[in-house]
Amino acid sequence: MTNQRVLATINASRDFGYQAWDRMILGHFIEHFHTQIYGGLYEPGSPLADEDGFRTDVLAAVRELGVPIMRWPGGNYVSDHHWYEAVGPERIPSYNKAWRVEEPNTFGTDEFIKWCRKAGVEPYICTNGGNGTAEEMCNWVEYTNGWRDTRYARQRRANGNDAPYAVKYWGIGNESYGDWQIGAKTVAEWGPYVAESAKMMRAVDEEIVLSASAVPDAEWTLALLKHAGRYLDLVSIHGYWDILHGVDNVSDYLTCMMATENPEEMIEQTRHVIATAGFTGRVKIAFDEWNLRGWHHPGGNSPEALAARERNNIPTTYTMADAVFSASFLNACLRHADVVTMANIAPTVNARGPIFVHKDGIVKRTTFHVLRMYHEALRANVVASAVSATPLAHNGKSVAAVDAIVTADESGHTAIVTNRHPGASARCLLKLDGIPLEGTLEAEILEGETPDSHNSVEQPEAVLPRRTTLSAVDGYVEIPPHSVCVLRW
């Protein structure tokens, strides 16, 4: 593999126009699972926490990423979460049947909104579509957004928050199609349930942006849109490609690379279902949980099963495979920015998140640097681009060895190029409207010493982006192996 020559051509064409993209594509997700909330972004008593118990190092890292939106509180957790148990002065712990642990309910709606405001992110609340009801959902909207002198608006005021929170983004249910979900629904049940829930939520606030749990599957999502499409703005789909919940056999670099084109396939399938239902241009896609690797959580609530969740924090898991996959995922969303208007990496901290939080600080994993690079480098519009590259093959599968996205604004262009090959640099021909680029390009490159390079508490800067310049000679530039490269001109 290391001796293979990788060739690629990237031809951005302004003749096909520009597509504005929504910054919500760089969104995030946080769930009440293991140490994401407690001991993650929220740790009262820590010397690193502020007066509200929020970890200041996490807040600073989230601001550095420019996170535009945060989905909360789940995830599987929300299918057994009742919001009214986690507001007000009297918080009673409950047993969460999704994750089979005691939930102290000390971090609830008010704390989440306060955290979002400190972090500068838009709140996105996912409601209980499991054992919850339409009434419970609309009451939650009233609690956060109600401005009249009504029961739940008064309750919010009594809890010290006089002004409405004006939460704009809401979701109905989480993976409600799956039998692993508390209160899972059938195809026949889901559409009418969503329609009634959405109707009641909009009766409280007509301006909310509303999603509902879906899959790139005609049977489920066509039925959903038939019953509830007129009330929805988004369908919510999820994707994890290295499935680890029952085992912890993390896939090797090349196996992960073979999944880099799968997210785009899911987007195209979902686009087709939306079109078949007659909602093109009216209902968009929220890819509101995504990551290369799923979360490790063996079944059961024994001490051994719960302790196994610690394995999500093993630093060697988070390599250049995660970084290159994440860049490929974001490129797929940007290429389809006309229909994908939100995506949320799952989660933000701990488990599989880009930020690892420990008692003395944080570690910025490889994916953190990718997300920060995209936040800073992307320009306002995606330029239509044709990318062709040498295939990268493994175990009977293959993907293009190089992937790229080009964006532009009035001040210039940015290309983000990923070389998926583990050992060979890529000789890339860059063209704009068919004309090869010439001259010096500003570059920022994230690469590792090996494809398995990673950051840890002991070596938090083993993988860091470097800023440099690259020369385009007759349009050709060299992109290092297993890397993500930003080029500006």
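Our subject is the structure listed above.
Our subject in this report is the structure included herewith. Counting restarts for each chain: residues are numbered from 1 in the order of the written sequence. Totals for whole chains, interfaces and linings use all residues, but because this is a predicted model, local features are given only for residues with pLDDT of at least 70 and pairs of side-chain atoms are given and counted only at 80 or more. With hydrogens and water set aside, each side-chain value is computed from the structure's full complement of heavy atoms.

Examining the overall build of the chain
Runs of E in the DSSP output that reach at least two residues are strands. Runs of H or I that reach at least four are helices, and both are numbered from the N terminus. Along its length, the chain carries 11 helices and 26 strands. Computation of the radius of gyration draws on C-alpha atoms alone. For the globule rule, the value is 2.2 Å times the number of residues to the power 0.38. Against the globule reference of 23 Å for 489 residues, the chain gives a C-alpha radius of gyration of 22 Å, in line with a compact fold. Over its C-alpha atoms, taken along the principal directions, the chain stretches across nearly 70 × 50 × 45 Å. Across the 489 residues of the chain, 59% fall into the buried class. In this description, contact between two residues means that some pair of their heavy atoms is separated by no more than 4.5 Å. Restricting to contacts in the chain with at least 6 residues of sequence separation, those with at least 24 account for 75%. Calculation of accessible area relied on Shrake-Rupley with a 1.4 Å probe; when residues are assessed, cover is drawn exclusively from the protein chains displayed. Accessible area of the chain: about 18500 Å², with a carbon and sulfur share of 51%. In this tally, Asp and Glu contribute negative charge and Lys and Arg positive charge; neither His nor the terminal groups of the chain are included. To locate a charge, the coordinates of NZ of Lys, CZ of Arg, CG of Asp or CD of Glu are taken. Each charge sign in the chain was given a centre, from 43 positive and 61 negative side chains, and these centres are 3 Å apart. Residue exposure (1.4 Å probe, protein chains only): buried if accessible area is under 20% of the type maximum, exposed if over 50%, otherwise partly exposed.

Concerning the packing of aromatic side chains
Centres within 6.5 Å are what make two rings of Phe, Tyr or Trp a pair, Trp counting through its six-membered ring; a difference in plane orientation under 30 degrees is then read as stacked, over 60 as edge-to-face, and the rest as tilted. A full pass over the atoms with the stated rule returns 27 aromatic pairs. Aromatic side chains Trp140 and Trp170 sit 6.0 Å apart centroid to centroid with 80° between the ring planes, which places their arrangement in the edge-to-face category. Pair noted here: Trp140 is in helix α3 (residues 134–145) and Trp170 is in strand β8 (residues 169–172), with a separation of 30 residues, a long-range link. Taking the relative accessible area as the measure of exposure, Trp140 reaches 2% and is therefore buried. On the accessibility criterion, Trp170 (0% relative accessible area) is buried. An aromatic cluster of three or more residues is present, and its members are Tyr38, Tyr42, Phe54, Trp72, Trp83, Tyr84, Phe107, Phe112, Trp140, Tyr143, Tyr152 and Trp170. In our convention, an over-ring charge means Lys NZ or Arg CZ found within 6 Å of a ring centre and within 35 degrees of that ring's normal. Positioned above the aromatic ring of Tyr318, the side-chain terminus of Arg365 is 3.7 Å from the ring centre. The positively charged end of Arg427 is found above the aromatic ring belonging to Tyr476, 4.0 Å away from the centroid.

Notes on the sheet that holds β8
What the eight strands build is a closed barrel, ordered β3-β4-β7-β8-β9-β10-β11-β12; its pairing is parallel. In this sheet, adjacent strand axes meet at a mean angle of 30° when their direction is disregarded. For strand β11 (residues 284–293) and strand β12 (residues 340–345), the ladder comprises four bridges, and the chain directions are parallel. Bridge assignment links Trp290 to a residue of β12, and that residue is Ile345. To get an axis, a line is fitted to the C-alpha atoms, and for a helix only the part in contact is used. The angle between two axes follows their N-to-C directions and goes from 0 to 180 degrees. The sheet strands contacting helix α2 (residues 109–119) are β4 (69–72) and β7 (122–127), and the helix crosses β7 at an angle near 150°. For two strands to count as paired, DSSP must find a minimum of two bridges between them.

Side note on helix α5 (residues 187–204)
Turn by turn, an α-helix covers 3.6 residues, leaving residues three or four places apart pointing in a common direction. To estimate the expected span of a helix, count its residues, drop one, and scale the result by 1.5 Å. Between its first and last C-alpha atoms α5 spans 27 Å; for 18 residues at 1.5 Å apiece the expected length is 26 Å, and the two agree. Buried residues of α5: Trp190, Gly191, Tyr193, Val194, Ala195, Ser197, Ala198, Met201 and Arg202, and no others. Taken together, the buried residues of α5 touch β7, α3, β8, β9 (209–213) and α6 (218–228).

Side note on the side chain of Arg365
Structurally, Arg365 is set in the loop between β14 (361–364) and α11 (366–377). Although Arg365 is buried, it forms no salt bridge, and the closest oppositely charged side chain is Asp322 at an N-O distance of 8.2 Å. Not counting residues up to four positions away in its chain, the partners in contact with Arg365 are Asn312, Asn313, Tyr318, Asn350, Ala351, Arg352, Gly353, Pro354, Phe356 and Asn455. A carboxyl oxygen of Asp or Glu within 4 Å of a side-chain nitrogen of Lys or Arg is what we treat as a salt bridge.

Some remarks on the sheet that holds strand β19 (residues 402–409)
Strand order in the open sheet formed by seven strands is β2-β15-β19-β20-β26-β23-β24, with antiparallel pairing between adjacent strands. Two strands close off the open sheet at either side, each with one partner strand: β2 (18–20) and β24 (466–472). Strand after strand, the sheet turns through a mean of 30° between neighbouring axes, direction not considered. Across the sheet, helix α10 (residues 320–335) is in contact with β15 (381–383), β19, β20 (412–419), β23 (439–447) and β26 (483–488); its angle to β19 comes to roughly 50°. Across the sheet, α11 touches β19, β20, β23, β24 and β26, and the angle it forms with β26 is around 15°.

Looking at the side chain of Lys185
With respect to the helices, strands and loops of the structure, Lys185 is situated in the loop between β8 and α5. For Lys185, which is buried and forms no salt bridge, the nearest opposite charge comes from Glu189, at a distance of 6.2 Å. Polar contacts here mean pairs of N or O atoms no more than 3.5 Å apart (in protein, one a potential hydrogen donor and the other a potential acceptor; neighbouring residues in sequence count only if both atoms are side-chain atoms). For Lys185, the side chain forms a polar contact with the main-chain oxygen of Gly183, separated by 2.8 Å. Among residues more than four places away in sequence, those in contact with Lys185 are Gly129, Gly130, Ser176, Tyr177, Trp190, Tyr193 and Trp220.

Notes on the pattern of salt bridges
Pairing between side chains of opposite charge can happen when the charged atoms of each approach one another. Applying the stated criterion to the full structure yields 33 salt bridges. Here Asp50 ties to Lys118 by a salt bridge, and the two come within 2.7 Å at their closest N and O atoms. Taken together, the positions of Asp50 in the loop between β3 (27–29) and α1 (56–65) and Lys118 in helix α2 put the pair 68 residues apart, joining distant regions of the chain. For Asp50, a relative accessible area of 17% puts it in the buried group.

Quick look at the packing of helix α8 (residues 262–276) against α10
The geometry of α8 relative to α10 is characterised by a closest axis approach of 8 Å and an angle of 25° between their N-to-C directions. By the angle between their directions, the pair α8 and α10 is classed as roughly parallel. Where α8 crosses over α10, the two elements pack in a sense that is right-handed. Contact residues: α8 offers Pro263, Glu264 and Ile267, while α10 offers Phe325, Phe329, Ala332, Cys333 and Arg335. Looking at the contact of α8 with α10 residue by residue, the class counts come to six nonpolar, no polar and two charged. Roughly parallel here means an angle under 35 degrees, roughly antiparallel means over 145, roughly perpendicular means 65 to 115, and every remaining angle is called oblique. Should the near helix be turned anticlockwise from the far one by less than a right angle, the crossing is termed left-handed; should it be turned clockwise, right-handed. Residues are grouped as follows: nonpolar covers Ala, Val, Leu, Ile, Met, Phe, Trp, Tyr, Cys and Pro; charged covers Asp, Glu, Lys and Arg; every other residue, Gly included, is treated as polar.

A look at the state of the cysteines
Disulfide: a pair of cysteine sulfur atoms within 2.5 Å of each other. Evaluated as defined, the whole model comprises zero disulfides. Its sulfur unpaired, Cys126 is 14 Å from the next cysteine sulfur, which belongs to Cys116.

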